[in-house]
Amino acid sequence: MKREMRNYKRKLSDETAAEILENGLYGVLSTADENAVPYGVPLSYAAVGDAIYFHCAREGHKLDNIAANSNVCFTVVDGVETLAEKFSTKYRSVIAFGKIRFAQNDAEKMKGIEAIMMKYSSDYAEAGKKYIEKDFEKFNILVMDIADMSAKGRTE
C-alpha cells in the first residue's frame, strides 16, 4: 500500500531513500502489540535489496509484538543540523513499511549476519567470518520485507 506524503516540498528521490537506508548507522523499528500499543526500539541493521536485516535476542518485547503483529515500520534519520536562525532543522529521513519475520533458512540467516558484519566491521571481515562460523546457531536474524519506502528532508 503506497502511503501519501503530506509535505511534497520535502520529498526526496527513491535513490536518495535507498542511499539513506543503506548508509544509516541505526534506525528505529516500530511495532505494535495485540492491543495496538506502539513500541519503537533503536537498532543496528543492514539493508540489502528490498530487505532489512536485524540481529536480535531470542526473546523480548519486540519479539512478542512481532508474534502478535508482523506489520512494522523502520525509520532512519541522517544529516541532522540545527538551523537556529530559521527555527528549523536540516535533515534527511527515510521510512520503510513492511512485514517482519525470522530468517527462513540458514542461507538467509547467513546473508543477514554477513551483511550486518560487513556494514559495521568490514575492516575485520576475516575475524568476523570466523566469529559467525563459531556462533552461527546463537544468532537470531529478523528480516523486514520492504513493501513501501519514502524519504523526505530539508537539505538547505
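Structure: above.
Presented here is a report on the structure given in the accompanying data block. (Residues numbered from 1 in each chain as written. Predicted model: local features only at pLDDT ≥ 70, side-chain atom pairs only at ≥ 80, totals over all residues. Heavy atoms only, no water.)

**Considering the pattern of salt bridges**
Side chains that carry opposite charge are capable of pairing whenever their charged atoms lie near each other.
In step 1: Considering all chains together, one arrives at seven salt bridges under this definition.
In step 2: In this structure, the salt-bridge partner of Glu81 is Lys90, at a minimum N-O distance of 3.9 Å.
In step 3: The salt bridge partner of Asp135 is Lys134, with a shortest N-O separation of 3.3 Å.
In step 4: Judged by relative accessible area, Lys134 falls into the exposed class, the value being 63%.
In step 5: Look at the salt bridges and you will find they share partners, linking Glu19, Asp78 and Arg92 into a network. (Salt bridge = Lys/Arg side-chain N within 4 Å of Asp/Glu carboxyl O. Buried < 20%, exposed > 50% of the residue type's maximum accessible area, 1.4 Å probe, protein only.)

**Re the nonpolar core**
In step 1: If you look at the biggest cluster of nonpolar residues, it comprises 23 residues, and the most contacted ones within it are Leu21, Leu29, Ile52, Phe54, Phe74, Ile100 and Met144.
In step 2: For this core, the secondary-structure elements that each account for two or more residues are α1 (14–23), β3 (38–43), β5 (51–55), α2 (61–68), β6 (71–83), β7 (88–102) and β8 (141–154).
In step 3: Looking at this core, the element that brings in the most residues is β8, giving four residues.
In step 4: Excluding residues within four positions of it along the chain, Ile100 makes contact with Leu29, Phe54, Ile66, Ser70, Val72, Leu142, Val143 and Met144.
In step 5: Residues Tyr53, Ile116, Ile132 and Phe136 belong to the second largest nonpolar core, which totals 14 residues. (Core = buried A, V, L, I, M, F, W, Y, C linked by side-chain atoms within 4.5 Å. Helix = DSSP H or I, 4+ residues; strand = E, 2+ residues; numbered from the N terminus. Contact = heavy atoms within 4.5 Å.)

**Brief notes about the pairing of β7**
In step 1: Two strands pair when backbone bridges link them, and β6 and β7 are joined in this way by eleven bridges, in the antiparallel orientation. Across the sheet, residue Thr75 finds its bridge partner in β7, namely Ile95.
In step 2: The antiparallel hairpin formed by β6 and β7 contains four residues in its connecting segment, where Phe87 sits at a positive phi of about 55°.
In step 3: Across twelve bridges, the pairing between β7 and β8 is antiparallel. Note that in β8 the partner of Tyr91 across the bridge is Arg154. (Pairing = 2+ DSSP bridges.)

**Some details on the packing of aromatic side chains**
In step 1: With the rule as written, the count across this model stands at three aromatic pairs.
In step 2: Centre to centre, the rings of Phe54 and Phe74 are 5.0 Å apart; their planes meet at 75°, and the pair counts as edge-to-face. Within this pair, whereas Phe54 is found in strand β5, its partner Phe74 is found in strand β6, the two being separated by 20 residues in sequence.
In step 3: A relative accessible area of 0% means that Phe54 is categorised as buried.
In step 4: Exposure remark for Phe74: the relative accessible area of 0% places this residue in the buried category.
In step 5: Ring geometry for Tyr131 against Phe139: centres 5.8 Å apart, planes inclined by 85°, an arrangement best described as edge-to-face.
In step 6: Given the relative accessible area of 10%, Phe139 is considered buried.
In step 7: Lying across the ring of Phe136, Lys109 places its NZ or CZ 4.4 Å from the centre. (Phe/Tyr/Trp six-rings, centres within 6.5 Å; stacked < 30°, edge-to-face > 60°. Lys NZ or Arg CZ within 6 Å of the ring centre and 35° of its normal.)

**Some remarks on α1**
In step 1: Within the span of α1, buried status applies to Ala17, Ile20 and Leu21. Buried residues of α1, seen end-on, are gathered within an arc of 95° and therefore sit on one face of the element. Exposed residues on α1 whose side chains face more than 90 degrees from its buried face are Glu15 and Glu22. (Arc of directions from axis to C-beta.)

**What to know about unusual backbone geometry**
In step 1: Its identity is not glycine, yet Ala36 carries a phi of approximately 65°, on the positive side.
In step 2: Mapped onto the secondary structure, Ala36 falls in the loop between β2 (27–32) and β3.
In step 3: The residue Phe87 is not glycine, and still its phi comes out positive at about 55°.
In step 4: In this structure Phe87 comes out as exposed when scored by relative accessible area, which is 79%.

Worth remembering: the numbers are spatial, not functional.
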